[in-house]
Amino acid sequence: MEEKIIIKNDNNEEKEFDILFTFESEDTKKKYVTYTDYSKDYKGKIKCWSSYYEGNELKPVETEKELKIIDSMLRTLSKSTELKYSNE
């Protein structure tokens, strides 16, 4: 069963997203969550977003360092998934 997350937008409307993965960074000491609603960007790629937990509250990722850490994790997971399914 996929994990879900509900996030309110600026108009206080709730939207449901599927959680792709969560991880804690040793560098920043923060726990991150990356999620999607499977909508696509102008290039046809699935959009995803990341936030970090501060207590029970989600905060936006804003620093370049954090974005690079998340991007690296996303690329690693993507490669391992590709390898898993190419070997089956």
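K.L.:
Outline the pattern of salt bridges, listing residues and values.
P.N.:
Taken as a whole and judged by the stated rule, the model has 6 salt bridges. With a shortest N-O distance of 4.0 Å, E54 and K59 are connected by a salt bridge. Taking the relative accessible area as the measure of exposure, K59 reaches 23% and is therefore partly exposed. For E57, the salt bridge goes to K59, with nearest N and O atoms at 3.3 Å. Bridged by salt links that share partners, the residues E54, E57 and K59 form one connected network.

K.L.:
Explain unusual backbone geometry to me, and be specific about the residues and the numbers.
P.N.:
Phi is positive for N12, close to 65°, though the residue is something other than glycine. Looking at N12, the relative accessible area reads 53%, which means it is exposed. Of note in the backbone geometry, Y38 takes a positive phi value of approximately 65° without being a glycine. Tracing the sequence through the fold places Y38 in the loop between β3 (31-36) and β4 (49-54).

Reading guide: rules and limits
Residues numbered from 1 in each chain as written. Predicted model: local features only at pLDDT ≥ 70, side-chain atom pairs only at ≥ 80, totals over all residues. Heavy atoms only, no water. Salt bridge = Lys/Arg side-chain N within 4 Å of Asp/Glu carboxyl O. Buried < 20%, exposed > 50% of the residue type's maximum accessible area, 1.4 Å probe, protein only. Helix = DSSP H or I, 4+ residues; strand = E, 2+ residues; numbered from the N terminus.

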